[in-house]
Amino acid sequence: MIYLLIGEDRSAKDQQIQKIKKEYLPSRDTLNFDFDVLYGHQSDHVHLKKILTSYPALAPQRVVLIHNIEKLTQPNKDVLLEIIERREKYLVLILDSEEMDLKDAFINKISTAAQVYKTSSAPVETVFD
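Just so it is clear, the structure is predicted and the values come from calculations on it, not from any experiment.

Caption draft 1: Molecular detail of unusual backbone geometry. Look at Asn68: it is not a glycine, yet its phi comes out positive at around 55°. Tracing the backbone shows Asn68 in the loop between strand 3 (62-67) and helix 4 (74-86).

And the structure:
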């Protein structure tokens, strides 16, 4: 399963991420062993491929959350698209981006394979919040 979270509302996206984690990783042990968080601007394609092709240890499916997918390099995008095309049953991908152009070829390929959740702009916090 692939989830694409688009938008600036961090709170709404965090709630969606928690919901997905609770569905696929019911216990603390599965959360410790079968959940990884990556950031698009920090990942290299070798490490990304290693994480995405690793099988789960305890849970039926491994959950990988990648923040800032708009900052992935082209080799990372290629690895991610390759994994998405395989539609591996052992992997649940949560892809997070603050802003994305749905006309972009990379995002378009992801969005056709994913459940897309769009959030609104982040609410402006005031001193009264």
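Caption draft 2: Quick look at the packing of aromatic side chains. Summed over all chains, the structure comprises three aromatic pairs. Aromatic side chains Tyr55 and Tyr90 sit 4.6 Å apart centroid to centroid with 50° between the ring planes, which places their arrangement in the tilted category. Remark: Tyr90 occurs in the loop between helix 4 and strand 4 (91-97) and Tyr55 occurs in the loop between helix 3 (45-52) and strand 3; sequence separation between them is 35 residues. Given the relative accessible area of 61%, Tyr55 is considered exposed. Members of the aromatic cluster, connected to one another through ring pairs, are Tyr3, Tyr24 and Tyr117. If you follow Lys77 out to its NZ or CZ, it ends over the ring of Phe106, 5.1 Å from the centre.

Caption draft 3: Inspection of the side chain of His67 at higher detail. Residue position: His67 is located in strand 3. According to the relative accessible area criterion, His67 is buried, its value standing at 10%. With sequence-adjacent residues up to four places away left out, His67 is seen in contact with Arg10, Ile17, Val37, Leu38, Tyr39, Gly40 and Asp96.

Caption draft 4: Structural detail: the environment of Lys13. Locating Lys13 in the fold gives a position in helix 1 (residues 10-24). Sequence separation between Lys13 and Ile94 is 81 residues, and the spatial gap between their C-alpha atoms is 10 Å. Discounting residues that sit within four places of it in the chain, Lys13 has contacts with Leu5, Ile6, Gly7, Asp96, Ser97, Glu98 and Thr119.

Caption draft 5: Structural detail: the pairing of strand 2 (residues 35-39). In this sheet, strand 3 lies alongside strand 2 in parallel orientation, the contact comprising five bridges. Residue pairing across strands places Val37 opposite Leu65, the latter belonging to strand 3. Taking the sense of rotation as the criterion, the β-α-β connection linking strand 2, helix 3 and strand 3 turns out right-handed.

Caption draft 6: The arrangement of the sheet that holds strand 3 in detail. Pairing within the open sheet is parallel, and its five strands lie in the order 2-3-4-1-5. Either end of the sheet is taken by a strand with one partner, and the two such strands are strand 2 and strand 5 (115-118). Mean inter-strand twist for the sheet, computed between neighbouring axes without regard to direction, equals 15°. By the bridge criterion, five bridges tie strand 1 (residues 2-6) to strand 4 in an arrangement that is parallel. Each residue of the ladder has a partner; that of Ile2, found in strand 4, is Leu93. Along the sheet face, helix 4 touches strand 1, strand 3 and strand 4 and points at about 135° away from the line of strand 4.

Caption draft 7: Local environment of the packing of helix 3 against helix 4. One way to put it is that helix 3 packs onto helix 4 with a least axis distance of 9 Å and a crossing angle of 20°. On the basis of their axis angle, the class for helix 3 and helix 4 is roughly parallel. The chirality of how helix 3 crosses helix 4 is right-handed. Facing His45, Leu48, Lys49 and Leu52 of helix 3, the residues of helix 4 in contact are Pro75, Asn76, Val79, Leu80, Glu82, Ile83 and Arg86. Residue composition of the contact of helix 3 with helix 4, grouped by class: six nonpolar, two polar and three charged.

What counts and how
Residues numbered from 1 in each chain as written. Predicted model: local features only at pLDDT ≥ 70, side-chain atom pairs only at ≥ 80, totals over all residues. Heavy atoms only, no water. Helix = DSSP H or I, 4+ residues; strand = E, 2+ residues; numbered from the N terminus. Phe/Tyr/Trp six-rings, centres within 6.5 Å; stacked < 30°, edge-to-face > 60°. Buried < 20%, exposed > 50% of the residue type's maximum accessible area, 1.4 Å probe, protein only. Lys NZ or Arg CZ within 6 Å of the ring centre and 35° of its normal. Contact = heavy atoms within 4.5 Å. Pairing = 2+ DSSP bridges. Right-handed = clockwise from strand over helix to strand, strands pointing away. Axes fitted to C-alpha atoms, helices over the stretch in contact; angles between N-to-C directions. Parallel < 35°, antiparallel > 145°, perpendicular 65-115°, else oblique. Left-handed = near helix turned anticlockwise from the far one by under 90°. Nonpolar A, V, L, I, M, F, W, Y, C, P; charged D, E, K, R; others polar.

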